[in-house]
Structure formats: structure tokens, C-alpha cells
Amino acid sequence: MRILVIEDELKVARFLKKGLEAEGYEVETAGDGKSGEKLARTEAFDLILLDVLLPKKDGFEILRDLRKDEIRIPILMLTARSTTEDIVGGLDQGADDYLTKPFAFTELLARIRSLMRRGTVKTKLKYQDLLLDTIAHKASRCGKPIELTAREYALLEYLMRNRGKLVSRQELSKEIWGYNFDPGTNVVDVYVNHLRNKIDSDFTVKLLQTERGKGYYLSEKKMTFKPAKGTATGKFA
Ligand code: CA
């Protein structure tokens, strides 16, 4: 499960990132309103922790603009202003919950779990008949459990979040292994092949596709990708 933390106080942001990662969540942070909103619009998150007082664009404006554009990612507001007016205003504009600073980390975790129980935060990713539980890190296809290693799971979750999009070996190397792509090894291809055997070999419809020499993508049929400047496809040379 991926959480975006939009918070300008570096100490708080670091503390939240470290604590949430220790609980098994994936965390991205943004230190101002503009870059935070951009991340919220361009990447896939399951939950946003949104501070109110932020440089460049405040939390309420971000909330309002995301909801105006029908972006329904669950949002938990972190507010230093404890006045009822602010809180009611935030909930009216489409926030799912709020916490008044300073708060106990255990309380934050409890609020997140409560949003998950209410179904506000989706903990399942689905593509065709393939299902991922992003909390338990388990996969199944047509209801049949698929045993995956931690790397294979991470690879599959990344491909599912980017379904229909061509993902280069470079990108996978950086996102899953955390290092720059080494053209001299085929570690990415080896893992993708293991994953493909596990999710596709028993099924007629193949989901994990290869774009020769460029990368991989999740789709129930072959797609065509035009190389474009500045895209993952274009950068791969
Ligand atoms: Ca702040």
C-alpha cells in the first residue's frame, strides 16, 4: 500500500516516512503543496496524509482541487489548527478524516486501519482475474493463490499499478532493486520470467507482455508503443 505524505516540516515528514515504512507501507513525501499535488495527480497512491499549512499551495486548496477533478484518493488531513471550523471545512470539502497536531503515531496508525476497514482505503489491486492484497502481499488469479517471493511480489505490484504502460528494465531496476540499471546483467529479465511462469503459465490469457528490447507491461493483449522523447520508452536506448 502506497502513502503520499505532503508535509513541509522535514522532521515530521521523516518521522512519518520512517514509522510508516516500518509498518510495511510504501511512502513518498513532498515538502510543498505544488509538488505534493503533482505527485497525487501523476502517481498511484492509496492514501494521502495532507498537512494544512504548506508553502506554495495550502492543504485545503489541494483537497478542493483534487476533489473538483474527481480524484478520489482517500485523504487524511493533518491540521495544526484545532478550531472546529477548519475541521468541518476540511470534511465538507471531501477529506476522509483528520488528525490535530501534535498527534501520537499509534493514533495515526489506528486512523489508517479504520479507513481501511471502512473500505475508504482500498487494499486490493485487481487486473482482469488477477488480484493483489497490498497489505498481506499475497496474489491470486481466478481465486487460486500464487506463491511469490518478496521481489516477485514487488515487481507484480509495480506492473499492476502501471498497467497498460510500458515499463523499462531501467525503471524496474531502480524501483524494485533500488539501483541503476546495469546493462551487463539480466537480473530483471530473470525475475520477470519467474513471475510470468507463476501468473501466466496455467492460463490461456497471458497478462505479462514483453516489448522486445524495451521493457515489460501488463495487458491482456499486445499493445503498440510509439517511442517518444522524454518518456520511459524514448529514454531507453
Ligand atoms: Ca505545515
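Residues numbered from 1 in each chain as written. Predicted model: local features only at pLDDT ≥ 70, side-chain atom pairs only at ≥ 80, totals over all residues. Heavy atoms only, no water.

Side note on the coordination of the calcium ion
In an ideal octahedron of six donors the angles at the metal are 90 or 180 degrees, and in an ideal tetrahedron of four donors they are 109.5 degrees.
Moving on, step 1. Within the protein, the atoms that donate to the calcium ion are Asp8 (OD), Asp51 (OD) and Leu53 (O), at distances of 2.1 to 2.3 Å.
Moving on, step 2. Here the donor residues of the calcium ion share one chain and are spaced in sequence as D-x42-D-x1-L. Taken together, the residues Asp8 in the loop between strand E1 (2-6) and helix H1 (10-22) and Leu53 in the loop between strand E3 (47-51) and helix H3 (59-68) connect sequence positions 45 residues apart. (Donors = N, O, S within 2.8 Å, 3.2 Å for Na, K, Ca; no water. Helix = DSSP H or I, 4+ residues; strand = E, 2+ residues; numbered from the N terminus.)

Quick notes on the pattern of salt bridges
Moving on, step 1. Summed over all chains, the structure comprises 26 salt bridges.
Moving on, step 2. When the shortest N-O distance is used, the salt bridge between Arg141 and Asp200 registers 2.9 Å. Of this pair, Arg141 sits in strand E8 (residues 138-141) while Asp200 sits in helix H8 (residues 187-200), and the two are 59 residues apart along the sequence. An identical accessibility class is assigned to Arg141 and Asp200; each is buried. (Salt bridge = Lys/Arg side-chain N within 4 Å of Asp/Glu carboxyl O. Buried < 20%, exposed > 50% of the residue type's maximum accessible area, 1.4 Å probe, protein only.)

Some remarks on the pairing of E1
Moving on, step 1. Extensive coverage of E1 is indicated by the burial of five of its five residues.
Moving on, step 2. Residues Arg2, Leu4 and Ile6 point to one face of E1 and Ile3 and Val5 to the other, with burial holding for every one of them.
Moving on, step 3. In the sheet, E1 pairs with strand E2 (residues 26-30) via five bridges, with the strands oriented parallel. Paired with Val5 across the two strands is Thr29, which belongs to E2.
Moving on, step 4. In the classification by handedness, the crossover that spans E1, the intervening H1 and the parallel E2 is right-handed.
Moving on, step 5. Sheet topology places E1 next to E3; four bridges connect them, and they run parallel. Looking at E3, one finds that Leu4 is bridged to Ile48. (Pairing = 2+ DSSP bridges. Right-handed = clockwise from strand over helix to strand, strands pointing away.)

Description of H3
Moving on, step 1. Among the 10 residues in H3, seven count as buried, and that is most of the element.
Moving on, step 2. When H3 is considered as a whole, its buried residues turn out to be Gly59, Phe60, Ile62, Leu63, Asp65, Leu66 and Arg67.
Moving on, step 3. Buried residues in H3 make contact with helix H2 (33-42), E3, strand E4 (75-79) and helix H4 (84-92).
Moving on, step 4. Two or three places before Phe60, at the start of H3, stands the capping residue Asp58, its side-chain oxygen 2.8 Å from that residue's backbone nitrogen.
Moving on, step 5. Glu70, located one to two residues past H3, shows a positive phi value of around 65 degrees. (Contact = heavy atoms within 4.5 Å. Polar contact = N/O pair within 3.5 Å; in protein donor to acceptor, adjacent residues only side chain to side chain.)

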